[in-house]
Amino acid sequence: VVPANGENRHYPGGPFFDRQYTLVLQELDDRVNRRVASGGEFDMAGFEPNYFFVNGLSYPHTTTDADTLISMNVGDRVALRFINAGLITNPMHFHGYHVEVVSRDRRPETVVVKKDTVPVGVGECVDVILNCTQPGAYPLHTHYVPGVTANGVYVNPVGGARIGMRAAGSKHERVDMMHGNPHSPGMTRRSGRRMHGGGSGGEWSTGGGRSVSVLGA
């Protein structure tokens, strides 16, 4: 959504951008699917997601989708719109860059500050501007720790709601995606909905009365 005159701005008189991406955040508790498929009911008060998506994709597929991989050049101002279509808050954390939150739910922010982590609440739309200041490849991911796993396991080496950001020094320079665990070294153990620093592996006990084994970083 841009002003009617077609300017690359979030709103009339708002900040200018060179390119834009929309990133829809979602998650899944597979117990809900199984329960409904068997004709049963599920108390959503016990919702405990174990799969996480951006634009319907999980890492590493987020890095091969042109609408999800954030590609840019040094000097670009990139507009990112986060839409939280799920049931949990996602604190979206940037490596390599800081961003400016310019609006929430289409309401301009009165005080704009640079951040490397931006909370996106349930049902919320958050617009940020990323000033591309350096070339390279960096991850962007939720700081909700299970959100970078698939059913509690780091995949390839992580999964879930992780996005790639790729910046070239010029339009002719190609930069390959960097791979790596954003939470290495070490692991995080989970008890209920609170996160505790842990060792290189173990088990997460969930509020829904189940536990999942976790591979170390």
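Rules and cut-offs
Residues numbered from 1 in each chain as written. Predicted model: local features only at pLDDT ≥ 70, side-chain atom pairs only at ≥ 80, totals over all residues. Heavy atoms only, no water. Helix = DSSP H or I, 4+ residues; strand = E, 2+ residues; numbered from the N terminus. Buried < 20%, exposed > 50% of the residue type's maximum accessible area, 1.4 Å probe, protein only. Salt bridge = Lys/Arg side-chain N within 4 Å of Asp/Glu carboxyl O. Pairing = 2+ DSSP bridges. Axes fitted to C-alpha atoms, helices over the stretch in contact; angles between N-to-C directions. Contact = heavy atoms within 4.5 Å. Phe/Tyr/Trp six-rings, centres within 6.5 Å; stacked < 30°, edge-to-face > 60°. Lys NZ or Arg CZ within 6 Å of the ring centre and 35° of its normal. pLDDT = per-residue confidence, 0-100. Polar contact = N/O pair within 3.5 Å; in protein donor to acceptor, adjacent residues only side chain to side chain. Core = buried A, V, L, I, M, F, W, Y, C linked by side-chain atoms within 4.5 Å.

J.: Looking at this model, I keep getting lost on unusual backbone geometry. Mind explaining?
T.: Of all residues except glycine, most have a negative phi; of all peptide bonds, most are trans. Across the junction of Y59 and P60, the peptide omega takes the value 10°, indicating a cis bond. Relative to the assigned elements, P60 resides in the loop between β2 (51–54) and β3 (70–73). The phi dihedral of R106 is positive, around 70°, even though this residue is not glycine. As for its placement among the helices and strands, R106 is situated in the loop between β6 (99–104) and β7 (107–108). By relative accessible area, R106 is classed as partly exposed at 36%.

J.: Explain the pattern of salt bridges here, please?
T.: Pairing between side chains of opposite charge can happen when their charged atoms approach one another. In total, this model carries 8 salt bridges according to the counting rule given. A salt bridge links R19 to D76; the shortest N-O distance between them is 3.1 Å. Of the two residues, R19 sits in strand β1 (residues 19–28) while D76 sits in the loop between β3 and β4 (77–84), which places them 57 residues apart along the sequence. Given a relative accessible area of 28%, R19 falls into the partly exposed group. Residue D76 is classed as buried on the basis of its relative accessible area of 12%. Put simply, D29 and R31 hold a salt bridge, and the shortest N to O gap is 2.7 Å. Exposure remark for R31: the relative accessible area of 11% places this residue in the buried category.

J.: Sorry, what's going on with the sheet that holds β3 here?
T.: Neighbouring strands of a sheet are bound in pairs by backbone hydrogen bonds; such pairs are parallel or else antiparallel. Ordered in space as β3-β12-β11-β5-β9, the 5 strands form an open sheet in which the pairing is mixed. The strands lining the two open edges of the sheet, one partner per strand, are β3 and β9 (117–120). Averaged over neighbouring strand pairs, the angle between their axes works out to 20° when direction is ignored. Strand direction decides the pairing type here: strand β5 (residues 90–94) and strand β11 (residues 136–142), joined by 3 bridges, are antiparallel. Bridge pairing in β11 links F94 to L140.

J.: Any chance you could explain the environment of G159 here in plain terms?
T.: Relative to the helices and strands, G159 is located in the loop between β11 and β12 (162–168). Taking the C-alpha atoms as reference points, G159 and P60, 99 residues apart in sequence, are found 6.6 Å from one another. Contact partners of G159, with chain neighbours within four places excluded, come to Y59, G147, V148 and T149.

J.: Explain the packing of aromatic side chains to me, please; I cannot follow it from the model alone.
T.: Given two aromatic rings, their pairing is described by the distance between the two centres and the angle made by the two planes. In this structure the tally under the stated criterion is 3 aromatic pairs. Their ring planes at 75° and their centres at 6.2 Å tell us that F82 and F94 sit as a pair that is edge-to-face. You can see F82 sitting in strand β4 and its partner F94 sitting in strand β5, a full 12 residues away along the chain. The exposure class of F94 is buried, given its relative accessible area of 2%. In this structure, R162 is placed above the aromatic ring of Y59, and the distance from its NZ or CZ to the ring centre is 4.7 Å.

J.: I keep staring at the confidence of the model for the chain and nothing clicks. Help me out?
T.: Low pLDDT marks stretches whose predicted atomic positions should not be read closely. Residues at a pLDDT of 70 or more form 77% of the chain, whose mean pLDDT is 80. Here residues 174–217 scores under 50 on pLDDT; set against residues more than four positions off or in separate chains, the count is 120 contacts.

J.: How do you make sense of the side chain of E27 when you look at a structure like this?
T.: Locating E27 in the fold gives a position in strand β1. We classify E27 as buried; its relative accessible area is 12%. Only 2.4 Å separates the side chain of E27 from the backbone nitrogen of L87, close enough to count as a polar contact. Not counting residues up to four positions away in its chain, the partners in contact with E27 are F47, P49, Y51, F52, F53, G86, L87, I88 and N90.

J.: Just checking my understanding: could you explain the nonpolar core for this structure?
T.: Considering soluble globular proteins, one finds that nonpolar side chains tend to be buried as a cluster. Grouped together as the largest cluster of nonpolar side chains are 29 residues, with contacts concentrated most on I70, F82, F94 and L130. For L130, the residues in contact, after removing those within four places along its chain, are M72, D76, R77, V78, L80, F94, Y97, H98, V99 and M165. Ranked by size, the runner-up nonpolar core spans 5 residues in total, among them Y59, V148, Y154 and V158.

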